[in-house]
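Architecture and fold: a report
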Amino acid sequence: MVAKTRNWRVQADCLEKFSCLANCISPLIVQQKFIPLLLERIKTTRTLPCKIAAARTLLVILRFTVKNEDRSNILRRIKEDLCMARSCHIRMLFLKLCDMSISLFSKEYFKQHFFLDFLHLGSDSVVNVRLKICSMLPRLKSLISLPSDRDLLEILEETVKNLLLKETDTDVLHSVQVHILHYYLIMI
């Protein structure tokens, strides 16, 4: 009923309230009914607040999912349906989801499950996706702890290097230069 209403505020509010269901109903029902529903809402709902509410709820459910198999399934679906989506709007939403996941999960969890997929989009064909990546470079750098994350730091620096050397769009190039200055200021 809520999905059929034209009031996007009610839809977004309902999608956010679904996050409490992870603690109330069977994990099987969450996996079979709510995960597909949330992913479908992320991909097909027209309004951005509804998409963001569905993405946040998906992350909250992921956080409270106990079984490793269920967590792996949700992470796989996020990667396949959002990170590797054909639509640049969905890939942009994946970047927003990554931003939210930094707040919801530990640094280690983010680095283990989202970091590389996030950086992979640094070579995306769409300018706005690359611009969003550039804006988050300092935040990603702040998650790295040396010496344990040396490999991640090398991958991050390789992404930055590729953006600096191969970027053809002036807005992205300017953004990466501005954010790289901030990036290196964090290192000091």
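As a starting point, this report considers the structure included with it. Every residue gets a number counted from 1 within its own chain, in the order that chain's sequence is written. It should be noted that, the model being predicted, local features are given only for residues of pLDDT at least 70 and side-chain atom pairs only at 80 or more, the latter also being counted only at that level, while totals for whole chains, interfaces and linings use all residues. The side-chain figures draw on all heavy atoms in the structure; neither hydrogens nor water molecules are used.

1. Remarks on the overall build of the chain
- Helix and strand assignments follow DSSP, with helices taken as H or I runs no shorter than four residues and strands as E runs no shorter than two, numbered in order from the N terminus. Counting secondary structure elements, the chain contains ten helices and zero strands.
- Going residue by residue from the N terminus, the α and β elements of the chain occur as α-α-α-α-α-α-α-α-α-α.
- Relative to the globule expectation of 16 Å for 188 residues, the C-alpha radius of gyration of the chain, 18 Å, shows essentially globular dimensions.
- For the chain, the C-alpha atoms occupy an extent of roughly 50 × 35 × 25 Å along the three principal directions.
- Type-normalised accessible area, obtained with a 1.4 Å probe on protein chains alone, sets the label of each residue: buried when under 20%, exposed when over 50%, and partly exposed for intermediate values. Here the chain holds 188 residues, and the buried ones make up 46% of them.
- For the area figures, the Shrake-Rupley method with a 1.4 Å probe applies, and any residue is considered shielded solely by the protein chains shown. Accessible surface computed for the chain: about 10600 Å², of which carbon and sulfur atoms make up 55%.
- Averaged over its 28 positive side-chain charges, the chain has a centre that lies 7 Å from the centre of its 19 negative ones. Radius of gyration: over C-alpha atoms. The globule rule applied is 2.2 Å multiplied by the number of residues raised to the 0.38 power. Positive charges are assigned to Lys and Arg, negative charges to Asp and Glu, while His and the chain termini are left out of the count. Every charge is mapped to an atom, namely NZ of Lys, CZ of Arg, CG of Asp or CD of Glu.

2. Considering the packing of aromatic side chains
- Pairing of aromatic rings covers Phe, Tyr and the six-membered ring of Trp, with a centre-to-centre limit of 6.5 Å; geometry is then stacked below 30 degrees between planes, edge-to-face above 60, and tilted otherwise. On inspection of all chains with the given rule, the structure shows four aromatic pairs.
- With a centroid separation of 6.4 Å and an interplanar angle of 35°, the aromatic rings of Phe-105 and Phe-114 are classed as tilted. Per residue, the accessibility class of Phe-105 equals that of Phe-114, and both read buried.
- For the pair Phe-110 and Phe-115, a centre-to-centre distance of 6.3 Å together with 80° between the ring planes defines the contact as edge-to-face.
- For Arg-63, the ring lying beneath its charged end belongs to Phe-64, and the centroid distance is 6.0 Å. Two conditions define a charge located above a ring, namely a distance within 6 Å from the ring centre to NZ of Lys or CZ of Arg, and an angle within 35 degrees of the ring normal.

3. A short note on the packing of helix 4 (residues 68-83) against helix 5 (residues 88-104)
- Working convention: axes come from line fits to C-alpha atoms, limited for helices to the stretch in contact. Angles between N-to-C directions cover 0 to 180 degrees. Relative orientation of the contacting elements helix 4 and helix 5 amounts to 140°, with a least axis distance of 8 Å. If you check the angle between helix 4 and helix 5, you find them oblique. Taking contact as the criterion, the partners of Ile-78, Asp-81, Leu-82 and Cys-83 in helix 4 are, on helix 5, Ile-90, Arg-91, Phe-94 and Leu-97.
- Taken together, the residues of the contact of helix 4 with helix 5 break down into six nonpolar, no polar and two charged. Roughly parallel covers angles under 35 degrees, roughly antiparallel covers those over 145, roughly perpendicular covers 65 to 115, and oblique covers all other angles. Only heavy atoms enter the contact rule, under which two residues are in contact if any of them lie within 4.5 Å. Note that Gly is not counted as nonpolar here; it falls among the polar residues with everything else outside the nonpolar set of Ala, Val, Leu, Ile, Met, Phe, Trp, Tyr, Cys and Pro and the charged set of Asp, Glu, Lys and Arg.

4. Thoughts on the nonpolar core
- As used in this record, nonpolar core signifies buried Ala, Val, Leu, Ile, Met, Phe, Trp, Tyr and Cys residues forming a set joined through side-chain atoms within 4.5 Å. Core analysis: the biggest nonpolar cluster contains 59 residues, and Leu-62, Ile-78, Phe-94, Leu-97, Phe-114 and Leu-140 have the highest contact counts within it.
- Apart from the residues lying within four places of it in its own chain, the contact partners of Leu-97 are Ala-55, Leu-59, Ile-78, Leu-82 and Phe-114.

5. Re unusual backbone geometry
- With an omega of 5°, the peptide bond between Leu-146 and Pro-147 qualifies as cis.
- Considering the arrangement of structural elements, one finds Pro-147 in the loop between helix 8 (127-143) and helix 9 (150-166).

6. Description of the pattern of salt bridges
- Salt bridge, as used here, is a side-chain nitrogen of Lys or Arg placed within 4 Å of a carboxyl oxygen of Asp or Glu. Within this structure, the stated rule accounts for ten salt bridges.
- Among the salt bridges present, the one from Arg-76 reaches Glu-80, with a minimum N-O distance of 3.0 Å. Taken together, the residues span about one helical turn, with Arg-76 and Glu-80 both in helix 4 at a distance of four residues.
- A relative accessible area of 39% places Arg-76 in the partly exposed class.
- Asp-124 serves as the salt-bridge partner of Arg-91, at 2.7 Å between the closest nitrogen and oxygen. Here Asp-124 lies in the loop between helix 7 (115-120) and helix 8 and Arg-91 lies in helix 5, a separation of 33 residues in the sequence.
- Assessed through its relative accessible area of 8%, Arg-91 is described here as buried.
- Here the salt bridges share partners, and the residues they tie into one network are Lys-43, Arg-77 and Asp-81.

7. Points about the packing of helix 5 against helix 8
- With their axes 11 Å apart at the nearest point, helix 5 and helix 8 run at an angle of 15° to one another. Judged on the interaxial angle alone, helix 8 and helix 5 are roughly parallel. The interaxial crossing formed by helix 5 with helix 8 has left-handed handedness. Together, Cys-88, Met-92, Leu-95, Asp-99, Ile-102 and Ser-103 of helix 5 and Asn-128, Val-129, Lys-132, Ile-133, Met-136, Arg-139, Leu-140 and Leu-143 of helix 8 make up the contact between the two elements.
- Within the contact of helix 5 with helix 8, the residues separate by chemical class into nine nonpolar, two polar and three charged. In this scheme the crossing of two helices becomes right-handed for a clockwise turn of the near helix relative to the far one and left-handed for an anticlockwise turn of less than a right angle.

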